[in-house]
Amino acid sequence: MKNTFGQNVSLTLFGESHGAAVGAVLDGIAPGIAVDEERIARELSRRRPSSAMDTPRREKDAFQIVSGVFNGKTTGTPICIVIPNENTKSSDYSYGVARPSHADYSAFCKYHGFEDYRGGGHFSGRITAALVAVGGILLPALENCGITVGTHILRCKNVSDRPFEDASIDILQLKTADFPTLDNEIGEQIKDLILQAGQSQNSVGGVTQTAVCGLPAGLGEPWFDSVEGLLSHALFSLGGVKGVSFGEGFGFADLTGVEANDAFRSVDGRVVTKTNRNGGINGGITNGMPVLFDCAVKPTPTISRPQETVDFIKDTNAEITAHGRHDPAIIRRICPVIDSVTALVLCDFLAGRYGTDFLAKGTNVCVTD
């Protein structure tokens, strides 16, 4: 299995949904970076189920940092974080009857029946807890360099939030928000929509929007290691993400060149663009404007309604009504996961351009070359 991402700063994920624990090994991080366990816990709480909008499975996420941190600072050696699984209910899962839109059948084809199928095993969204724990280290390290990341629900089914306007201010607002929308009234409508989906034994999807502020121009490589390419690579590792677009994305298809181009200007000795339809990236490389991208998030595939399927052990058609604990929508809980994945990719890019010690040097180190 390929469970590692990154060249300069790398992350390896391990664990299964109903195994003893999930966790991550983070390597390539400079020594001397502050690690605040309260911040890690706060990031995990953003992801944790907390209401009728979420799965009934409640985990404490009582993480343990077992290596790479000493006296509250990174040592420069691999950081290993372990998060125990304490609330599993494996009896809800039977082997061989494929849940539609899950990895049950494709995992069987790849691992020949040796995979841990309980709760989706290694393919479960439970594994994202480890990603978010790592984000609790990487996000504040980026903030110390003047780089901020934020994600909100842009749309859930047919209810839309406003897009980012002043991204740096909007990101600050999201950090203290109880629900990841920029418009509180829209947030209440989305909550109702999710609750209605759960009550009807159904689920809903949506679109998230992410902004990154404070990145220097010049990050990324043309062609195969572009900023869009590596961000998309990492984001598509999340099972619920089925589409990624940057700036106007597919909206470019409806524009002319006059409408689509971002005019350049010089303001106080800094090159900026009047608009940001390209999402802060030209030629696969950052141009200094906020990086903006959207993720399409599919409806939770586990629903408590009868669905057609197959029993791939018996090689027969079958019907399944899922009984496992699930979210009527993952759109809220995926926002901190996307933040953490984004932070990982950015740290990898920045370490490649400025050296592995850049995160330890503080604000504005990244804006000079």
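As a reminder, the structure under discussion sits directly above these lines.
This write-up is about the structure you can find in this document. Remember, predicted model here, so these are calculated numbers, not experimental data.

Of the volumes computed, that of the second largest pocket is approximately 340 Å³. Counting residues per element, the ones that place at least two in the lining of the second largest pocket are α1 (37–47), β8 (148–156), α4 (167–175) and α8 (334–354). In terms of residue count, α1 provides more of the lining of the second largest pocket than any other element does, 5 residues in total. Looking at the lining of the second largest pocket, its residues break down into 8 nonpolar, 4 polar and 8 charged.

A word on the packing of helix α3 (residues 128–143) against α8. In contact at an axis separation of 8 Å, α3 and α8 are set at 55° when each is read in the N-to-C sense. With respect to each other, α3 and α8 are oriented oblique. You can see that α3 and α8 cross each other, and the crossing is left-handed. For the pair α3 and α8, contact is made by Thr-128, Leu-131, Val-132, Gly-135, Leu-138, Leu-139 and Leu-142 and by Pro-336, Val-337, Asp-339, Ser-340, Val-341, Ala-343, Leu-344, Leu-346, Cys-347 and Leu-350, respectively. For the contact of α3 with α8, a count of residues per class yields 13 nonpolar, 3 polar and 1 charged.

This part is about the pattern of salt bridges. This model, assessed by the stated rule, comprises 13 salt bridges. Residue Glu-43 pairs with Arg-46 through a salt bridge whose shortest N-O separation is 2.8 Å. One end of the pair, Glu-43, and the other, Arg-46, are both in helix α1, 3 residues apart, so they sit about a helical turn from each other. Here Arg-46 falls in the partly exposed class, since its relative accessible area comes to 27%. We note a salt bridge from Arg-126 to Asp-61, for which the minimum N-O separation is 2.7 Å. Of the two residues, Arg-126 sits in the loop between α2 (104–111) and α3 while Asp-61 sits in the loop between α1 and β4 (64–67), which places them 65 residues apart along the sequence. Taken together, the shared-partner salt bridges in this structure form one network comprising Arg-39, Glu-43, Arg-46, Glu-143, Lys-175 and Asp-339.

Further remarks concern the sheet that holds strand β11 (residues 241–246). Pairing within the open sheet is antiparallel, and its 5 strands lie in the order β9-β8-β10-β16-β11. Sheet topology places β9 (159–160) and β11 at the edges, where each strand pairs with a single neighbour. The pairing of β8 with β9 spans 2 bridges and is classified as antiparallel. What sits directly across from Arg-155, in β9, is Ser-160.

The subject of this paragraph is the packing of aromatic side chains. On inspection of all chains with the given rule, the structure shows 6 aromatic pairs. On the numbers, 4.9 Å between centres and 40° between planes, the contact of Tyr-95 with Tyr-117 is tilted. Of this pair, Tyr-95 sits in the loop between β7 (79–84) and α2 while Tyr-117 sits in the loop between α2 and α3, and the two are 22 residues apart along the sequence. Among the residues examined, Tyr-95 registers a relative accessible area of 31% and is labelled partly exposed. Ring centres 6.0 Å apart and planes at 90° place the aromatic pair Tyr-95 and Phe-312 in the edge-to-face group.

Parameters at a glance
- Residues numbered from 1 in each chain as written.
- Predicted model: local features only at pLDDT ≥ 70, side-chain atom pairs only at ≥ 80, totals over all residues.
- Heavy atoms only, no water.
- 1 Å grid on protein atoms, 1.4 Å probe; cavity = no way out; pocket = protein on both sides within 12 Å on 5 of 7 lines; lining within 4 Å.
- Points joined across faces, edges and corners; volume = space filled by probe spheres on them.
- Helix = DSSP H or I, 4+ residues; strand = E, 2+ residues; numbered from the N terminus.
- Nonpolar A, V, L, I, M, F, W, Y, C, P; charged D, E, K, R; others polar.
- Axes fitted to C-alpha atoms, helices over the stretch in contact; angles between N-to-C directions.
- Parallel < 35°, antiparallel > 145°, perpendicular 65-115°, else oblique.
- Left-handed = near helix turned anticlockwise from the far one by under 90°.
- Contact = heavy atoms within 4.5 Å.
- Salt bridge = Lys/Arg side-chain N within 4 Å of Asp/Glu carboxyl O.
- Buried < 20%, exposed > 50% of the residue type's maximum accessible area, 1.4 Å probe, protein only.
- Pairing = 2+ DSSP bridges.
- Phe/Tyr/Trp six-rings, centres within 6.5 Å; stacked < 30°, edge-to-face > 60°.

Read these as geometric descriptors, not functional statements.
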